[in-house]
Amino acid sequence: MVKVLKSLGVEVDFIEEQTCCGQPAFNSGYQDDARAVAERFLSIFDTTLNDESGKDAYIVCPSGSCTSMVKVFYEELFKNSPELLNKVRHVSQKTFEFSEFLIKVLNTVDVGAGYKGVVTYHDSCHLLRELGVKDGPRELIKSVKGVKFKEMELHDACCGFGGTFSIKFPKVSVSMLDEKIECIINSGADTLVSADMGCLMNIGGALSRREIPVRVMHLAELLASRG
Amino acid sequence: MGFEEVRFEQDSEKAIHNKPLQKALVNVTNRFRTARNKASEDVPNWDNLRAAAREIKKETIENLDKYLLMLEERVKRAGGKVHWAKDAEEASQIIVNIAREGNVKSVVKSKSMATEEIELNNSFEDAGIKVIETDLGEYIIQLAGERPSHIIAPAIHKTKEDISKLFSAKLGIPRYDKPEELTKVAREILRSEFLNADMGVSGANFAVAETGTIVIVENEGNARLTTTVPKIHVALVGIEKLIPRYEDLSLFLTVLARSATGQKSSTYVSFITGPKRSTDIDGPEEFHLVLLDNGRSKILASEETRESLYCIRCGACLNNCPVYRKVGGHSYGWVYSGPIGAIITPQLMGIDKAPELPFASSLCGACKDVCPVKIDFPKVLLELRKNVVESKKGSTGIGERFGIRLWRFTVEHESIYKITNKLSYYFQLPWKGRNGKLNSLPYPFSRWTDQRDFPAVAKKTFRERWKNNKGETG
Ligand code: SF4
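Residues numbered from 1 in each chain as written. Chains lettered and ligands numbered in written order. Predicted model: local features only at pLDDT ≥ 70, side-chain atom pairs only at ≥ 80, totals over all residues. Heavy atoms only, no water.

Here the structure, examined in full by the defined rule, presents 40 salt bridges over all chains. Between A:E130 and B:K368 there is a salt bridge whose closest N-O contact spans 3.6 Å. One end of the pair, A:E130, is in helix α7 (residues 125-130); the other, B:K368, is in helix α17 (residues 366-370), on a second chain. A salt bridge links B:D42 to B:K38, with the nearest nitrogen and oxygen atoms 3.1 Å apart. (Salt bridge = Lys/Arg side-chain N within 4 Å of Asp/Glu carboxyl O. Helix = DSSP H or I, 4+ residues; strand = E, 2+ residues; numbered from the N terminus.)

This is the structure in structure tokens:
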């Protein structure tokens, strides 16, 4: 991601104090713990955005679900703390998922990448349904030189990850994953691209266990390819 | 069958290994889903209709007391009787008493989730009154002694062969294998039951406050017969089924039919206002409306999850749910299944009875996308998860609590976070497999690695790479 952004002339900084947005606890029902971690996130980024050097900055994140945590669910998490809601809105306005940032902020579809392969795209649930991002990643993929894009069936069906869901109900999770993998194989693609680390870890984990020769890539990795 | 406790994990595993069930689930949900998608695309302003339906439901639920009293008054004015039931037991009692007073020997029923909810058939049988389900799917599960596994297609878990065997065993007839033959058998039996019955019990899809009308949609015509042939008609209706005005119906009938089966309109839509009038040639002499609470007012009291009551029971969320499609209806442990079951069962029965259900979702939001009243499922599920954690039930035991604390402590301290990242690299080594990934981890992570690899932690963390070269080489 850093490489792609830099190649497009974006100045990139990484705030080292940052750790997590709080989503794992929030999704598991531990809202107090989530709130504490989210407050930390907010204060780090709010401070940066208020700095002289940070006032024109954006926050870019390579995962749809973390982005939706900040942009959608923080509002919910902090609904009883009006004093923090301003911070929430300030930070969330400036937060973008990676593909959305390229398209909406940088107005770029072709990042000059090259990759030889047949690529299919998995819509990660939060990116698609919470953030409404659907066409952007596909346009970005199609603009990569050498790529042949193939849509799979049930491309918008959940892969069965769902955070702790995958550990609480592993059998259900894997049976959802089975269906996804079948769709990937049937699409004839040799590379699966998605824009969420959770989905990639889940799908990739099963593909490698089953020794299915489909390469799994984050969108950023594909866009950084120069092959 | 009584409700004990939901065992989602256990029952879902059984369902996943049940091959015929898996096939049936794919077929049925795909059929409904495709039909629903097409039917919604055919309406140019579909999303506006959903938004409008939600608004009306919201208005109704926020003013439920007012509309309920209005409904009561209008039903009485039309010559009907109104009964209030606070729970399942009271509702069954009321209905059985109506039957006793009317000297009823035999009852026909049309499809109704509310009567399933209160297990009315058991109460009739205990009182020595014969009761027959007249919706084909319900008839099948009544013979089998099972619960519905889908809100609008209660017997989808049964294959043709299952039904053939069941009919032969329970009805003492030869084995018929063709669906048409089986339907014919059922139709003949049900016809004579209609003519013999002294009482018809139905649910309702909507109850219109302004006019005191209950509205029933169906495709088989059995509800029309149930509500018109016997001399007494009892409708059991959940208090959330209200809509304020008669004119709201056109919107609700449209979104219901299209969301449920993809039809433009259901084959039969019955509008029932009170018993037969003096000028009518037929129709029931008595009309009773039983309004059922059974936990609904508890939901009403919770601002966060109140929207669970907007549901019009179309079943679209089930058909679109990747979890339901794998686990089927019975895994949800009670009469309501799929996403709507996951949110209302814990609320109606008490969260301690079904602490797994709010977690039985990957929060993918596919349900929210299709719900005709736009219930915000992820939001409601998250709220219920919070309640489970607060009640210290289910899998949210001491281990998980400790895990979350540890995680919190780590991510709140950048230095510890860094060290943990670094240490993970060394800790993981014993589990690293030949493909460079983690192939087996100790419990609870084994629940991941039993069937999936876990990515290994890189030796150099992103932070270290960032420090060294600010991302210059990727
Ligand atoms: S929750 Fe919505 S989609 Fe599900 S059954 Fe009810 S109305 Fe239909």
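Residue and element names in this part refer to chain A. The buried count for strand β3 (residues 114-121) comes to seven of eight residues, which makes it a mostly enclosed element. Two strands pair when backbone bridges link them, and β3 and strand β4 (residues 145-149) are joined in this way by four bridges, in the parallel orientation. Its bridge partner lying in β4, V119 is registered against F149. Of the pairings in the sheet, the one linking β3 to strand β5 (residues 191-194) comprises three bridges and is parallel in character. Each residue of the ladder has a partner; that of Y121, found in β5, is V193. (Buried < 20%, exposed > 50% of the residue type's maximum accessible area, 1.4 Å probe, protein only. Pairing = 2+ DSSP bridges.)

Right, let's talk about helix α10 (residues 170-187) of chain A for a bit. Counted at 1.5 Å a residue, the expected span for α10(A) with its 18 residues is 26 Å, and the 25 Å between its end C-alpha atoms agrees. Where α10(A) ends, the next residue or the one after it, A:G188, has phi of about 80°, a positive value. (Expected span 1.5 Å × (residues − 1).)

To continue, consider the domain arrangement of chain A. All names here are of chain A. We note that the domain assignment places domain 1 (2-103) and domain 2 (110-224) within chain A. Computed over C-alpha atoms, the centres of domain 1 and domain 2 are 24 Å apart. Domain 1 puts 21 residues into the contact, and the matching count from domain 2 is 19 residues. Between domain 1 and domain 2 the total buried area reaches about 1,500 Å² when both faces are included, carbon and sulfur atoms providing 67% of it. Counting across the domain 1 and domain 2 interface gives zero salt bridges. (Domains from an automatic or database assignment. Contact = heavy atoms within 4.5 Å. Buried area = accessible area lost by both parts, 1.4 Å probe.)

Formed by 126 residues in total, the largest nonpolar core has its most connected members in A:Y74 and B:F8. Broken down by element, this core gets its largest block of residues, eight residues, from helix α3 (residues 31-50) of chain A. A:F96, A:L102, A:A195 and A:L223 belong to the second-largest nonpolar core, a separate cluster that totals 28 residues. (Core = buried A, V, L, I, M, F, W, Y, C linked by side-chain atoms within 4.5 Å.)

Take unusual backbone geometry next. The backbone of A:N107 sits at a positive phi, close to 50°, despite the residue not being glycine. Its place among the elements puts A:N107 in the loop between α6 (98-105) and β3. Overall, the relative accessible area of 63% leaves A:N107 in the exposed class. A positive phi angle is found at B:L363, which is not glycine, with a value near 60°. Mapped onto the elements, B:L363 comes out in the loop between α16 (338-349) and α17. For B:L363, a relative accessible area of 5% corresponds to the buried category.

If you look at the interface, chain A gives 58 residues, while chain B gives 65 residues. Summed over both sides, the interface of chain A with chain B buries roughly 5,500 Å², with 59% coming from carbon and sulfur. Sorting the residues of chain A by area buried against chain B places A:E16, A:Y30 and A:R209 first, and these three jointly supply 13% of that buried surface. Taken together, the connections running from chain A to chain B amount to seven salt bridges. Linking chain A with chain B are 13 residue pairs in polar contact (both at pLDDT 80 or more). Secondary structure elements with two or more residues in the side of chain A that touches chain B: α1 (2-7), α2 (23-27), α3, α4 (64-77), α7, α9 (165-168), α10 and α11 (197-209) of chain A. With nine residues, α10(A) is the single largest residue contributor to the side of chain A that touches chain B. (Polar contact = N/O pair within 3.5 Å; in protein donor to acceptor, adjacent residues only side chain to side chain.)

Let us now look at the domain arrangement of chain B. Per the domain assignment, the segments of chain B are domain 1 (43-297) and domain 2 (400-473). Using C-alpha coordinates to define each centre, domain 1 of chain B is positioned 55 Å away from domain 2 of chain B.

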